[in-house]
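Structural description and commentary
The primary structure of each chain is shown beneath.
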Amino acid sequence: MYNIAVVLNADGRTISNSATFIRSHIDCLKEEFNVMTLVGNPGQRRLLDEETDFQSLRFWPRAFRKLLRLICRQTIRQQDNAALEKLFRDRGIHCCLAEYGMSGVGVMEVCNRLEIPLVVHFHGYDAYRHDLFETYRNDYSRMFDIASRVIAVSKDMKMRLEREIGFDEKLLHNSCGFNTTITSNELAYDTPKDPYAVSYVGRLTPKKDPVGLIKAFASVVKAVPEARLTIIGDGELRSQCENEISKLALQNDVVLLGTKDHQEVLGILSTSSVFIMNSVTAETGDKEGTPVSLMEAMALGNTVIATRHGGIVDIVEHGETGLLYNEFDYDSLSTLIISALTGKTNSGIPANGRNYAITNLSDAAKNNVLKNTILECIEQADGLRHTINQSQEKVA
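For the structure given in this document, a descriptive report is provided here. Since we're looking at a predicted model, the values are computed, not measured.

What follows concerns the overall build of the protein chain. Counting secondary structure elements, the protein chain contains 15 helices and 14 strands. Over its C-alpha trace the protein chain gives a radius of gyration of 23 Å, about what one expects of a compact globule, namely 21 Å for 396 residues. For the protein chain, the residues scored as buried account for 53% of the 396 residues in total. Pairs at least 24 residues apart make up 71% of the contacts formed inside the protein chain by residues separated by at least 6 positions.

What follows is about the sheet that holds strand β10 (residues 228-232). The strand order across the open sheet formed by six strands is β11-β10-β9-β12-β13-β14, and the pairing between neighbours is parallel. The sheet terminates laterally at β11 (254-258) and β14 (323-325), the two strands that pair on one side only. Strand-to-strand twist in this sheet, taken as the mean axis angle between neighbours without regard to direction, amounts to 20 degrees. Relative to strand β13 (residues 303-307), strand β12 (residues 274-277) runs parallel, the two being bridged by four bridges.

So, about unusual backbone geometry. The phi torsion at arginine 13 lies on the positive side, around 55 degrees, for a residue other than glycine. Relative to the helices and strands, arginine 13 is located in the loop between β1 (3-8) and α1 (20-30). Despite not being glycine, aspartate 209 shows a phi value in the positive range, around 45 degrees. For aspartate 209, the location among the structural elements is in the loop between β9 (197-201) and α8 (210-223).

Moving on, we get to the sheet that holds strand β6 (residues 118-121). Strand order in the open sheet formed by eight strands is β4-β3-β2-β1-β5-β6-β7-β8, and the pairing between neighbours is mixed. Bordering the open sheet on either side are β4 (52-53) and β8 (171-173), each of which pairs with just one other strand. Relative to β8, strand β7 (residues 149-152) is paired through three bridges, and the arrangement is parallel. Pairing of isoleucine 151 across the sheet is with leucine 172, part of β8. Along the sheet, helix α4 (residues 101-114) makes contact with β1, β5 (95-99) and β6, crossing β6 at roughly 170 degrees.

Residue placement: leucine 361 occurs in the loop between α14 (349-360) and α15 (363-395). Residue class for leucine 361 comes out buried when judged on its relative accessible area of 2%. Separated by 46 residues in the primary sequence, leucine 361 and isoleucine 315 place their C-alpha atoms 8.3 Å from one another. The residues contacting leucine 361, other than those within four sequence positions of it, are Gly177, Phe178, Met295, Ile315, Tyr356 and Lys366.

Right, let's get into a nonpolar patch on the surface. Where nonpolar side chains cluster on the molecular surface, the patch consists of Phe64, Leu67, Leu68, Leu70 and Ile71 and spans about 510 Å² of accessible area. Following the sequence through the fold, leucine 70 ends up in helix α2 (residues 59-72).

Now for the pattern of salt bridges. Scanning the entire structure with this criterion turns up 24 salt bridges. Between aspartate 80 and arginine 45 there is a salt bridge whose closest N-O contact spans 2.9 Å. With aspartate 80 in helix α3 (residues 76-91) and arginine 45 in the loop between β2 (34-39) and β3 (46-47), this pair connects stretches of sequence that are 35 residues apart. Of the two residues, aspartate 80 and arginine 45, neither departs from the other in class, the shared state being buried. Of the charged contacts, one joins aspartate 90 and lysine 86 as a salt bridge, the two residues approaching to 2.7 Å between their closest N and O atoms. Of the two residues, aspartate 90 and lysine 86 are both situated in helix α3; the distance of four residues between them amounts to about one turn of the helix. Residue lysine 86 is classed as exposed on the basis of its relative accessible area, which comes to 52%. Residues participating in the shared-partner salt-bridge network are Glu134, Arg137, Arg160, Arg163 and Glu164.

Per the stated rule, a full pass over the model turns up seven aromatic pairs. Considering the side-chain rings of phenylalanine 144 and phenylalanine 167, the 6.2 Å spacing of their centres and the 55 degrees angle between planes classify their relative orientation as tilted. With a gap of 23 residues between them, phenylalanine 144 in helix α6 (residues 130-146) and phenylalanine 167 in the loop between α7 (155-164) and β8 connect regions that are remote in the sequence. Take phenylalanine 144: its relative accessible area is 0%, and that puts it in the buried class. Phenylalanine 167 sits in the partly exposed class, given a relative accessible area of 24%. The rings of Phe122, Phe133, Tyr136, Tyr140, Phe144 and Phe167 are connected pair by pair, giving a single aromatic cluster. The ring of phenylalanine 133 carries the charged tip of arginine 160 above its face, separated from the ring centre by 4.4 Å.

This part covers the packing of α4 against α6. Two numbers describe how α4 lies on α6: the axes approach to 9 Å, and their chain directions differ by 35 degrees. Crossing of α4 against α6: the hand is left-handed. On α6, the residues touching Gly101, Met102, Gly104, Val105, Met108, Glu109 and Asn112 of α4 are Leu132, Tyr136, Asp139, Tyr140, Arg142, Met143 and Ile146. Taken together, the residues that form the contact of α4 with α6 break down as eight nonpolar, three polar and three charged.

Cut-offs applied
Residues numbered from 1 in each chain as written. Predicted model: local features only at pLDDT ≥ 70, side-chain atom pairs only at ≥ 80, totals over all residues. Heavy atoms only, no water. Helix = DSSP H or I, 4+ residues; strand = E, 2+ residues; numbered from the N terminus. Rg over C-alpha atoms; globule rule 2.2 N^0.38 Å. Buried < 20%, exposed > 50% of the residue type's maximum accessible area, 1.4 Å probe, protein only. Contact = heavy atoms within 4.5 Å. Pairing = 2+ DSSP bridges. Axes fitted to C-alpha atoms, helices over the stretch in contact; angles between N-to-C directions. Patch = residues over 30% accessible without salt bridge, like charges linked within 9 Å, V, L, I, M, F, W, Y side chains within 5 Å. Areas by Shrake-Rupley, 256 points an atom, 1.4 Å probe, with all protein chains shown as cover. Salt bridge = Lys/Arg side-chain N within 4 Å of Asp/Glu carboxyl O. Phe/Tyr/Trp six-rings, centres within 6.5 Å; stacked < 30°, edge-to-face > 60°. Lys NZ or Arg CZ within 6 Å of the ring centre and 35° of its normal. Left-handed = near helix turned anticlockwise from the far one by under 90°. Nonpolar A, V, L, I, M, F, W, Y, C, P; charged D, E, K, R; others polar.

On their own, these measurements won't tell you what the molecule is for.
Encoded structure:
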C-alpha cells in the first residue's frame, strides 16, 4: 500500500469545520492508501491523526530552532523543509497532496529533492485573490513546474491558472462533491417543506455578499409577507448584516443563526424551499470555487437561486436545475425569489436539481478522480525511475 502525505497550511493547526471537502478527501484516501496528515504553518505543523506536534512548540525547542536558524542563516521555511524531507524519507512517502496553493509552495522543494510526485489542489482564494496571487506568482510558477498535477475546482479557476501561470497539460478540473447519504437518512427529501422558508449557508464575507442578500430580501417581504430568510454562518460582516436588518426593519423576517453544526444545517436545508447563493467577486479578487452547500441544497430539494459566478455555473443550469442571475443584480435576485415562492418558476426545478446533484456531484465520484490521479502520478514516477535505472545499468 502506498504512503500519502496530505499537507494543509492552516492557522490553528486544525481543519476548520467549514472545510468538509478536505476531511472528505482524507477519508477517501484512507480507503486506498496509508495517509499521514500534516496541518499547520511552517514551523508549527501538527500530525493530525497522531495528535502530536511535528516539531515541539514548547519554549526551549522553539528557542533552539531559532538559534539554529540564526547560526545557519536559514528561514523558517528552509528549516521546515529540512525537517519535512527527513519525515517524508523516514515514512516512505510516495506522493504528497497539498490542499491549497500555498501549501504546495511550502512542500514543493521537498518533493522535488525526493522525487516524490506532488499534487496541488486549489480551492478558491488561493487562485483568485490579487494580493496573494502576486505575492506567490513566482512560487506558483516554480510549483507548477515541479508538480505532477494541479487540480482546480471550477472551469473558471482552471482557465485563470492556465492564463496566469500556464502548464495547461498539468491542470485538471475536478470540483469537490457532497455526501449523498444526506438524502437517505431521517433528513431526507420527503421531509415536509415550508413553502415560505428561504435559506443561506456560508461565511459572512465580501465574496458571499450577505448584506446585498438582506437588501434584496426587503423587496421580497413586501411582495410575500410570509417569506422568512434564515442565514447560517458567521464572519467579518456580521455586524453589517445586523445593522442592515435593523435599518430595513426585517427583525421578524431575517434570522442570523451564526455557525451551526452540519446536522443542524442539513435539517434547515431539508425543510426550506428556496436556497440562495449570492456569491460575488470581492474587491480583493476573491471568488468561490464550487460551493458544497449549494450541492447539498440541490440534493435536499431546494429551488436554488445563485449568481453566475465561479464554479456555480458548472453545476446549475438556469431554468432547469436552478435559477441564475448576474452578480450585484439585486432586483433580479428579488424577482427570482418572489417567483420561486409564488409558484411562477418551473415546478420541476427542485426534482431536476436533486437528480442532477445525486447523479453528478457525489463526493464518492469526485474523490475517485482524486484517488486515480494520485495513483497515476505514483505509477508514472515509478515507471520513470525504472527507465532511468535501466539506462544507468546499460551504461555501466
